[in-house]
Amino acid sequence: MTTFSKTTTINAPIEDVWAALAEVGDIHEWNPGVHHSYVTTEETAGLGAARHCDLGGRNYLKEEVVEFDEGQRITMRIVETNLPFETADIRFHLVDQGGATNVTVAPEYELKYGPLGSLLDAVYVRKTYEKGMAALLRGLKRHVEEQASLELLEDQHYSDGDQ
């Protein structure tokens, strides 16, 4: 198994960050690596919720929530893909920083193809995957912070209109 982690600080309350992560079908709104996504289960959030992600071209992932600790932790498991993953869990962990939120994403995965998969991982996949996870965090940060700014502007607009 291979694992690594990437962390960023998002200038928004933990509740706002959690809301973006917990709505599993909406990942395409903030992850630049996902062209389109949709929920494939009756549950749109929480343990057992699942999604399909189109990654561009013919590449896709089907993922399921296998860990859900409200407001703190969510783990997505790739249950089907045409990428070379044998297994993959992507863990998100949130830590409240008093108005800001630290978000860590830590994939743990194994590639198909045995020793050849290990070689592929060492020379290409891990570097590509790390870049993808960094882009995912940048996208999440941008999305949540923009939403928070829009809400602040709306609040200011309505409070100015009340005077």
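You'll find the structure just up there.
Parameters at a glance
Residues numbered from 1 in each chain as written. Predicted model: local features only at pLDDT ≥ 70, side-chain atom pairs only at ≥ 80, totals over all residues. Heavy atoms only, no water. Helix = DSSP H or I, 4+ residues; strand = E, 2+ residues; numbered from the N terminus. Phe/Tyr/Trp six-rings, centres within 6.5 Å; stacked < 30°, edge-to-face > 60°. Buried < 20%, exposed > 50% of the residue type's maximum accessible area, 1.4 Å probe, protein only. Salt bridge = Lys/Arg side-chain N within 4 Å of Asp/Glu carboxyl O.

Student: I tried to follow unusual backbone geometry on my own but got confused; where do I start?
Tutor: With the exception of glycine, the majority of residues adopt a negative phi angle, and the majority of peptide bonds are in the trans configuration. Of note, Y113 is a non-glycine position whose phi angle comes to about 80°, a positive value. In this fold, Y113 is placed in the loop between β8 (101–111) and α2 (114–161).

Student: Is there a simple way to explain the packing of aromatic side chains in this structure?
Tutor: Aromatic rings considered in pairs are described by the distance between their centres and by the relative angle of their planes. Throughout the structure, instances matching the rule amount to five aromatic pairs. Ring geometry for F4 versus Y129: centroids 5.6 Å apart, planes at 80°, classification edge-to-face. Linking F4 in the loop between β1 (2–3) and β2 (6–10) with Y129 in helix α2, this pair joins segments that are 125 residues apart in sequence. Y129 matches F4 in its accessibility class, with the two residues each being buried. Ring geometry for Y109 versus Y129: centroids 5.0 Å apart, planes at 65°, classification edge-to-face. Of this pair, Y109 sits in strand β8 while Y129 sits in helix α2; the two residues are 20 residues apart in sequence, bridging distant segments of the chain. Each member of the aromatic cluster is reached from another via a ring pair, and the members are F4, F85, Y109 and Y129.

Student: Sorry, what's going on with the environment of T128 here?
Tutor: As for its placement among the helices and strands, T128 is situated in helix α2. The spatial distance from the C-alpha of T128 to the C-alpha of E43 is 31 Å, given a sequence separation of 85 residues.

Student: Is there a simple way to explain the pattern of salt bridges in this structure?
Tutor: Inspection of the entire model under this criterion finds eight salt bridges. Two residues, R126 and E130, come together in a salt bridge whose shortest N-O distance is 2.6 Å. Of this pair, R126 and E130 both sit in helix α2, separated by four residues, roughly a single helical turn. R126 sits in the partly exposed class, given a relative accessible area of 32%. Shared partners join several salt bridges into a network, and the residues in it are R77, D89, R91 and E108.

Coordinates in, geometry out; function isn't part of it.
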